[in-house]
Amino acid sequence: MLISWNITRACNQACAHCYRDAGTRQEDELTTSVGLALIEEMARAGFRILVLSGGEPLLREDLYELIGKAAACGLRPVLGTNGTLLTTQVAQRLKDRGVARVGISLDSPEPGPHDQFRGMAGAWEGALAGMRHCRQVGLPFQVHTTVTRRNAERLSDLMHLAESLGAAAHHIFFLVPTGRGKQLADEILAPEEYEALLRLLLDRQRRSPVEIKPTCAPQFMRLAAQEGLPLRFSKGCLAGTAYCVIIPNGEVNPCPYLPVSAGNVREQPFSVIWRESPVLKALREQALRGACGDCEYQSLCGGCRARAYFESGGDFLATDSWCLHAQAWSH
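Here the structure, examined in full by the defined rule, presents eight aromatic pairs. Aromatic side chains phenylalanine 174 and tryptophan 322 sit 6.4 Å apart centroid to centroid with 75 degrees between the ring planes, which places their arrangement in the edge-to-face category. With phenylalanine 174 in strand β6 (residues 169-174) and tryptophan 322 in the loop between α12 (305-312) and α13 (324-330), the pair connects residues that are 148 residues apart, well separated along the chain. Of the residues examined, tryptophan 322 reaches a relative accessible area of 7% and is grouped as buried. Plain terms: the ring middles of tyrosine 309 and phenylalanine 310 are 5.1 Å apart, the flat faces sit at 85 degrees to each other, and that makes the pair edge-to-face.

Following this line, the structure appears as structure tokens:
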């Protein structure tokens, strides 16, 4: 099982799509002592991989202590960062403390569009430098890309760049309109464009030396099954079933893009929230509505629960209407 912890809202960038609306540190972020106890609870609940992200996690002073605790508890710590603060010394320290892999954001094969999207001059050069520094010290890294209409046509070039930089994987994130991402609703791919891009990614998977994984795109599991490809993952949408996120103030959400509270670790032990939250239980019961509830691929795909939430105005069990199969089923 996989868990994300947004350890801070502080960030040195101002990304147009940021689901956490990051920038300045929150006054009520979890303290170091609470965080250390929380990591023990994560291990107690059965999680195996801990993603530490933000905001920008490298801006949190106790990051290395949290990483060391995670490793000591048997968790596999990984880091999600914009890469601009990753010097050789920082990369070596992360590796020494137990970080297994670093995810670095890169949204364009060229500097201009990436810097504009990230709200920071020099962001592209900084991200590539961070990758080089990871490579120098032998710390594996993967590339994270958020797809919108502004960069979809350059995705093949970006995947080639990720391969040439020595990335271990390339995870393609499909924009969900939450946080500042709400302002980009008109840049989200149409369902037909979305499915065509998923097919391109599946084809690229066959030929690429690195792992290519669509994220926030559970329909790729249906497409893989329809094309008879090996199913490398257990399910498309893992929200609340094998994955959740803890945001900086301790609130537990089913995923970073689904702002529905399952509880707060300041009020209940995380292991209790994970086991007993009605919100998480509803997701595990898969009592989906509409076309997603009737779909023969429900257990394999599940539809994007965050997208369903925003499209329906608040029902995270509703149909993910961004799916062409759901559209055909409903008609």
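Next, the rest of the story.
If you look at the biggest cluster of nonpolar residues, it comprises 99 residues, and the most contacted ones within it are Trp5, Leu94 and Phe270. Per-element accounting of this core gives the leading share, six residues, to helix α5 (residues 123-137). Not counting the four nearest positions on each side in its chain, phenylalanine 270 is found in contact with Ile3, Leu38, Glu41, Met42, Ala45, Phe47, Cys244, Ile246, Val252 and Val265.

Attention now goes to the packing of helix α3 (residues 88-97) against α5. The interhelical angle for the contact between α3 and α5, taken along N-to-C directions, is 50 degrees, at an axis separation of 8 Å. Relative to α5, the element α3 is oriented oblique. In this structure, α3 crosses over α5, and the sense of that crossing is right-handed. Packed against α3, whose contacting residues are Thr88, Ala91, Gln92 and Lys95, the element α5 presents His133, Cys134, Gln136 and Val137 at the interface.

Cut-off values and rules
- Residues numbered from 1 in each chain as written.
- Predicted model: local features only at pLDDT ≥ 70, side-chain atom pairs only at ≥ 80, totals over all residues.
- Heavy atoms only, no water.
- Phe/Tyr/Trp six-rings, centres within 6.5 Å; stacked < 30°, edge-to-face > 60°.
- Helix = DSSP H or I, 4+ residues; strand = E, 2+ residues; numbered from the N terminus.
- Buried < 20%, exposed > 50% of the residue type's maximum accessible area, 1.4 Å probe, protein only.
- Core = buried A, V, L, I, M, F, W, Y, C linked by side-chain atoms within 4.5 Å.
- Contact = heavy atoms within 4.5 Å.
- Axes fitted to C-alpha atoms, helices over the stretch in contact; angles between N-to-C directions.
- Parallel < 35°, antiparallel > 145°, perpendicular 65-115°, else oblique.
- Left-handed = near helix turned anticlockwise from the far one by under 90°.

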